[in-house]
Amino acid sequence: MTLNSDATYHHAPGGSIPLFVQEGLRFLAETAAGTNETQADDDHVFGTEEGEHYDDGHSGFGVHITYEQLYSSVMFMVCVYISGQIASRLFKMPDLVGEIIAGILLGPNLAMYVPLPTAWVMFGEIGLILLVIEAGIDIDLDMLKLIGTRGFLIAVVGSFLPIGIGIAVAFALGNEPIAAI
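The structure contained in this document is the topic of the report that follows. Remember, it's a predicted structure, so these values are computed and weren't measured experimentally.

Considering the overall build of the protein
Within the protein, the secondary structure is distributed over seven helices and three strands. Secondary structure elements of the protein, listed N to C terminal, follow the sequence β-β-β-α-α-α-α-α-α-α. Within the protein, contacts between residues at least 6 apart in sequence are counted, and of these 28% link residues at least 24 apart. For the protein, the accessible area works out to roughly 13,700 Å², and carbon and sulfur atoms hold 68% of it.

Below you can see the structure in the form of structure tokens.
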């Protein structure tokens, strides 16, 4: 069955999976394996009914990393933690500032020390979501009632004004509406 012109569904173990999801999973599996070869058969990605394994015996849904990637990941986390502590204790700044600086310095744009940067982007996005949730939990409702309408207007303008300016700049540069938003 077809969802639209560029997303078809194929039967795979576990139900129907859109083609673009299959391609994404194939890309992730090939990236983790360190190859760029395209699998000729969807059974190699989603497993077969006999054993649901790749030809090399690994599961189709596992991510396989090398020892060097694991070591680099642990060292990256240690460096991020230490830089957060340095920022906090020596420079009297929040830990997050030092952690962001370490991520920029060791990340793929400068030192390229981080293995599997797409996985770290996912962890960063999860961390950002948790940070926003924590900020929402820490809101003092009594203080919010005291500040009232003035604080609400400042928060709304401080949120929507930068977004509106960004969208306007994107339109001015000739981007499509979806890309601008």
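What to know about helix α3 (residues 67-89)
In this model, α3 (23 residues) spans 33 Å end to end at C-alpha, consistent with the 33 Å of a helix rising 1.5 Å per residue. Along α3, the residues classified as buried are Gln69, Ser72, Ser73, Phe76, Val80, Ser83, Gly84, Gln85 and Ala87. In this fold, the buried residues of α3 make contact with α4 (95-106) and α5 (117-137).

Things to note about the packing of aromatic side chains
On inspection of all chains with the given rule, the structure shows three aromatic pairs. Summarising the aromatic geometry, the rings of Tyr67 and Tyr71 are spaced 6.3 Å apart at their centres and angled 25 degrees between planes, so their arrangement reads as stacked. Taken together, the positions of Tyr67 and Tyr71, both in helix α3 and four residues apart, correspond to about one turn of that helix. On the basis of relative accessibility, which here comes to 45%, the residue Tyr71 falls in the partly exposed class.

Some remarks on a nonpolar patch on the surface
Together, Ile65, Leu70, Val74, Met77, Val78, Tyr81, Ile82, Ile86, Leu90, Phe91 and Met93 line one region of the surface with nonpolar side chains, adding up to about 1,000 Å² of accessible area. Topologically, Met77 is positioned in helix α3. Among the residues examined, Met77 registers a relative accessible area of 45% and is labelled partly exposed.

A short note on unusual backbone geometry
Its identity is not glycine, yet Lys92 carries a phi of approximately 55 degrees, on the positive side. As for its position among the elements, Lys92 is in the loop between α3 and α4. On the basis of relative accessible area, Lys92 is assigned to the exposed category, the value being 69%. Positioned with a positive phi, Leu116 is a non-glycine residue whose angle comes to about 50 degrees. Turning to its location among the elements, Leu116 is positioned in the loop between α4 and α5. Here Leu116 falls in the partly exposed class, since its relative accessible area comes to 23%.

Points about the environment of Val80
Along the chain, Val80 turns up in helix α3. In sequence terms Val80 and Glu99 are 19 residues apart; their C-alpha atoms lie 4.9 Å from each other.

A word on the side chain of Ser73
By secondary structure assignment, the location of Ser73 is in helix α3. Sequence-distant contacts of Ser73, that is, excluding residues within four places in its chain, are made with Pro115 and Trp120.

Quick look at the nonpolar core
Core analysis: the biggest nonpolar cluster contains six residues, these being Phe76, Val80, Ala102, Leu106, Val114 and Trp120. If we skip the residues at most four places from it in the chain, Trp120 touches Ser73, Phe76, Met77, Val114 and Pro115.

Section: the packing of α3 against α4
Two numbers describe how α3 lies on α4: the axes approach to 7 Å, and their chain directions differ by 135 degrees. Comparing their axes, α4 and α3 come out oblique. Like other packed secondary-structure pairs, α3 and α4 cross with a definite hand, here right-handed. On the side of α3, the interface is formed by Phe76, Cys79, Val80, Ser83, Gly84, Gln85, Ala87 and Ser88, while α4 contributes Asp95, Gly98, Glu99, Ala102, Gly103 and Leu106. Tallied by class, residues from the contact of α3 with α4 come to six nonpolar, six polar and two charged.

What counts and how
- Residues numbered from 1 in each chain as written.
- Predicted model: local features only at pLDDT ≥ 70, side-chain atom pairs only at ≥ 80, totals over all residues.
- Heavy atoms only, no water.
- Helix = DSSP H or I, 4+ residues; strand = E, 2+ residues; numbered from the N terminus.
- Contact = heavy atoms within 4.5 Å.
- Areas by Shrake-Rupley, 256 points an atom, 1.4 Å probe, with all protein chains shown as cover.
- Expected span 1.5 Å × (residues − 1).
- Buried < 20%, exposed > 50% of the residue type's maximum accessible area, 1.4 Å probe, protein only.
- Phe/Tyr/Trp six-rings, centres within 6.5 Å; stacked < 30°, edge-to-face > 60°.
- Patch = residues over 30% accessible without salt bridge, like charges linked within 9 Å, V, L, I, M, F, W, Y side chains within 5 Å.
- Salt bridge = Lys/Arg side-chain N within 4 Å of Asp/Glu carboxyl O.
- Core = buried A, V, L, I, M, F, W, Y, C linked by side-chain atoms within 4.5 Å.
- Axes fitted to C-alpha atoms, helices over the stretch in contact; angles between N-to-C directions.
- Parallel < 35°, antiparallel > 145°, perpendicular 65-115°, else oblique.
- Left-handed = near helix turned anticlockwise from the far one by under 90°.
- Nonpolar A, V, L, I, M, F, W, Y, C, P; charged D, E, K, R; others polar.

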